Amino acid sequence: MNLLSVNEYGLYCKQGDFYIDPWKPVRTALITHGHSDHMRWGMSHYICHHHTVPILRLRLGVENSVQGVAYEEVMEINGVKISFHPAGHIIGSAQIRMEYQGEVWLFTGDYKLEPDGVSQTYTLVKCDHLITESTFGLPVYHFPSNASIYADMNDWWRSNAAEGINTVLLGYALGKAQNIIAHADESIGPIFLHGAVDNVNNALSEVGYTFAGTRITADVKRDQIRGALIVAPPSAMDTPWLRSLKPYRIAMCSGWMQLRGARRRKGVDRGFPLSDHCDWRQLNQAVVQTQAKHVYVTHGYEHNFSKWVREEYGIGGSIFKTLYNDAEEENV
Ligand SMILES: [Zn+2]
Ligand SMILES: [Zn+2]
């Protein structure tokens, strides 16, 4: 019995007649999280975690037809039992568990096991069939702890500020940006925000989150911004907006920054390997601990990782071809 399969609209559950993170308009869409490759426009009915609801409204302008659910809350769609569980990827991100006739399937969405101090920490959900992403599904990816990355960021900001130079950290507006802000040491200096980051923060404030930082508007005098931390999305690179904030040093925050050469190719002064995704070790830990009998691998290194799962663990490993692309990690 296959509870999930891929068709031209997305990941489909035939028994329940619903989709998960579909890429074409469908009637019922369960949404794992608010990144644009997973949450698309045009669904008649969206179901997502409560904290994803304001993100959905902000990004898609959807007012009706959105149903927020709590983690662990069990509901039933056409006889399929469904529940959302923390994925540890970004605020509101969920793994989706489906149970039908005693068999359990789990779609991780994007996820990471290591707590980031902002999003709800990943919880282990045991299953028979695991559908996992594999963005960093190569042994070369072994991320340092988030605590050490945050410490490195603050050290760099401190030394730049001592020279009167601004520090620009580029990170995706939903996820990375909140992690950076939440761990920035405000005793070093002021924090300023790109409008895209401030928009997300404002949306998240509707569900109880508060983040430091002042939005940079036309009214903010540029000579007041000295020794500051500026948080902006990668799309701010090479814009007049960014040039108006000189003098600055700039860094990219992405898991890809772990590899030598990535920083230089991006044309930034530094790279911090801050990731919203599992590294190789975490992917393997998830596969083992879920006790899945079969693993389906999606976006990332799916060929490599599904082969590894078969050979290393002697369990079923195959590929789900999806259209997720993880723009949030800004592949270089
Ligand atoms: Zn994502
Ligand atoms: Zn993704």
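Residues numbered from 1 in each chain as written. Chains lettered and ligands numbered in written order. Predicted model: local features only at pLDDT ≥ 70, side-chain atom pairs only at ≥ 80, totals over all residues.

By the naming in an unreviewed UniProt entry, the protein chain goes by RNA procession exonuclease and is assigned to Sphingobacterium deserti.

### Side note on the domain arrangement of the protein chain
You can read the domains of the protein chain as domain 1 (5–141 + 277–329) and domain 2 (146–272). The C-alpha centroid of domain 2 is placed 29 Å from the C-alpha centroid of domain 1. Taken residue by residue, the interface counts 18 residues in domain 1 and 18 residues in domain 2. Its residues assigned to classes, the side of domain 1 that touches domain 2 comprises eight nonpolar, six polar and four charged. (Domains from an automatic or database assignment. Contact = placed C-beta atoms within 7 Å. Nonpolar A, V, L, I, M, F, W, Y, C, P; charged D, E, K, R; others polar.)

### Examining helix H2 (residues 146–162)
Given a rise of 1.5 Å per residue, 17 residues ought to cover 24 Å, and the 24 Å separating the end C-alpha atoms of H2 matches this to within 8%. Among all positions of H2, only Ile149, Tyr150, Met153, Trp157 and Asn160 are buried. Each buried residue of H2 sits inside an arc of 100° when the element is viewed along its axis, so together they form one side. Turned more than 90 degrees away from the buried face of H2, the exposed residues are Ser148, Asp155 and Ala162. Buried residues along H2 sit in contact with strand E12 (166–170), helix H3 (176–183), strand E15 (229–232), strand E16 (248–253) and strand E17 (270–272). Immediately beyond the C-terminal end of H2, within one or two residues, lies Gly164, with a positive phi of roughly 75°. (Helix = DSSP H or I, 4+ residues; strand = E, 2+ residues; numbered from the N terminus. Expected span 1.5 Å × (residues − 1). Buried ≥ 20, exposed ≤ 12 C-beta atoms within 10 Å, placed from the backbone. Arc of directions from axis to C-beta.)

### Quick look at the environment of Tyr209
As for its placement among the helices and strands, Tyr209 is situated in the loop between helix H4 (195–205) and strand E14 (214–215). Tyr209 gets classed as partly exposed once you count the C-beta atoms within 10 Å, which come to 17. Each C-alpha atom of the pair Tyr209 and Ile91 lies 9.6 Å from the other, and the pair is 118 residues apart in sequence.

### A closer look at the sheet that holds strand E2 (residues 10–13)
Spatial strand order, E1-E2-E3-E4-E5-E6: six strands in an open sheet with mixed pairing. Lying at the two open borders of the sheet, with one neighbouring strand each, are strand E1 (5–7) and strand E6 (66–69). Direction aside, neighbouring strands of the sheet carry axes that sit 35° apart on average. Two elements, E2 and strand E3 (residues 18–20), share three bridges in a ladder whose sense is antiparallel. Counterpart to Cys13 in the pairing with E3 is Phe18. (Pairing = 2+ DSSP bridges. Axes fitted to C-alpha atoms, helices over the stretch in contact; angles between N-to-C directions.)

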